[in-house]
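Remarks on the overall topology
If you want the building blocks of each chain, they are given just below.
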Amino acid sequence: MDYAATNLACRRGDRTVLAGLSFSVAAGKALILRGANGSGKTTLLRCLAGLTPPVAGSLSFAADDVAYAAHDNGLKAQLRVAETIEFWASIYGATDTAPAVDAFTLSPLMTRHVAALSAGQKRRLSLSRLLLTGRPLWALDEPTVSLDSATVTKFADAVRAHLAQGRAAIIATHIDLGLDAADVLDVSGFKPSVADAQDPFLDGAFT
Amino acid sequence: MIALLRRDLVLAVRAGGGFGLGLAFFLILCVLVPFGVGPEPALLGRIAPGVLWVGALLACLLSLDRIFQLDFEDGTLDLLATSPLPLEAVASVKAFAHWLTTGLPLVLAAAPLGLLLNLPGAAMPWLVAGLALGTPALSVIGTFGAALTVGLKRGGLLISLLVLPLYMPTLLFGAEAARRGAEGLSPTTPLLLMAGLTAGCIAVMPFATAAALRMNLR
């Protein structure tokens, strides 16, 4: 299955950030998003995840196909690592947490509180959620922030394993993950040429 | 949904969760009022239903801005919004968790604190029944207010302004039921009206809350 967007326009807050953007990711492929800060990578990923409905254009997949990992880790300092993993597993109805724990070598950390983890360990825990979702398209926003090089390699392995199952990933990143099956899309070329709508607050709020 | 409820309760009870904040405020208020009013048990007994209801309402307000704010700040709300749970379910669970950690303790503490305020014995069961029926409405309405202000830093003041007018009917019916109980009249009419109000809020508010969240996450 291809994951395609056609003539997409996305909005962040009251500003249209991207317009006329089209791409297609084949199953087993990854799409790397590039572009300067503020060029709309996060906006595009939030749009794909269904957080901000597109202003124009269409997507060939539903928001329920997308596993979104944001800049923020979305972790609770008061919970233990094991509790965090169990929580997301039951939200997504995943029965087997072992692959997620193994992929990011979390087993030595299971009894620790999230507050006692380093930045990189928190990132690993946050990324492990992706494997619990069971969703076919990963939309990742700077996933390698604060990871050391060995963990980046592990992360790239996890992405490769995901792609090898005939699934896909869209990753905003500035480093080279060494993925073979990756296309690159520079989002800075898709600036909108039209003015923003008059009432962006209510526009589309009830659709 | 149960996982989310359990997580919210665990977070509320663990360090920094704010469990007991509302209850402590309620206790302090009800302990201080007799000192402020002076040694007049009869007067105290007459104002006790109103004091208890206002105290419960303010205690409820105190913890509202935590309902979504913390989840919003650390990115959890984005992840919950993209999870298989519908946002309406998230809103209901959050309101229920808020009631369990704030409303229910108030209901349980109301009877002993009523004694402290010289609340007439005949009013006691109706005060507790009124709080039990009314506090769920306070939680669901408050959750809606919290969803409207979720993107704002320190939106507590705005929540109070938005939510207080919506709290008025519950306060009126609740205090009226307790007053009627104290005077030996039948309190069923205000109690039934309040029960209806609460049922309506529980049915409608999660949808409004989810719409407000969607708007604020965009």
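The structure we're discussing is the one just above.
My aim in this report is to walk through the structure given alongside it, one point at a time. (Residues numbered from 1 in each chain as written. Chains lettered and ligands numbered in written order. Predicted model: local features only at pLDDT ≥ 70, side-chain atom pairs only at ≥ 80, totals over all residues. Heavy atoms only, no water.)

What follows concerns the overall build of chain A. For chain A, the helix and strand inventory stands at five helices and eight strands. Of the regular secondary structure in chain A, the N- to C-terminal order runs β-β-β-α-β-β-α-α-α-β-α-β-β. Relative to the globule expectation of 17 Å for 207 residues, the C-alpha radius of gyration of chain A, 17 Å, shows essentially globular dimensions. A sequence separation of at least 24 residues applies to 70% of the contacts in chain A between residues at least 6 apart. Roughly 8,900 Å² of accessible area belongs to chain A as shown, and the carbon and sulfur atoms make up 52% of that amount. (Helix = DSSP H or I, 4+ residues; strand = E, 2+ residues; numbered from the N terminus. Rg over C-alpha atoms; globule rule 2.2 N^0.38 Å. Contact = heavy atoms within 4.5 Å. Areas by Shrake-Rupley, 256 points an atom, 1.4 Å probe, with all protein chains shown as cover.)

Residue and element names in this part refer to chain A. A full pass over the atoms with the stated rule returns four aromatic pairs over all chains. Taken together, Phe87, Trp88 and Tyr92 form an aromatic cluster joined through their ring pairs. Note that Arg129 overlies the ring of Trp88, its terminal NZ or CZ placed 5.4 Å from the centroid. (Phe/Tyr/Trp six-rings, centres within 6.5 Å; stacked < 30°, edge-to-face > 60°. Lys NZ or Arg CZ within 6 Å of the ring centre and 35° of its normal.)

On the side of chain A, 29 residues touch chain B, which itself brings 25 residues to the contact. When chain B packs against chain A, the two sides together hide about 2,400 Å² of surface, and 61% of this comes from carbon and sulfur. Contact with chain A buries area across many residues of chain B, yet Leu79(B), Thr82(B) and Arg218(B) alone supply 32% of it, more than any other trio. The closest approach of N and O atoms between Asp74(B) and Lys76(A), which form a salt bridge, is 2.9 Å. Connecting chain B to chain A are nine residue pairs in polar contact (both at pLDDT 80 or more). In terms of residue class, the side of chain B that touches chain A is built from 13 nonpolar, five polar and seven charged. (Buried area = accessible area lost by both parts, 1.4 Å probe. Salt bridge = Lys/Arg side-chain N within 4 Å of Asp/Glu carboxyl O. Polar contact = N/O pair within 3.5 Å; in protein donor to acceptor, adjacent residues only side chain to side chain. Nonpolar A, V, L, I, M, F, W, Y, C, P; charged D, E, K, R; others polar.)

Shape is all these values report; function is a separate question.
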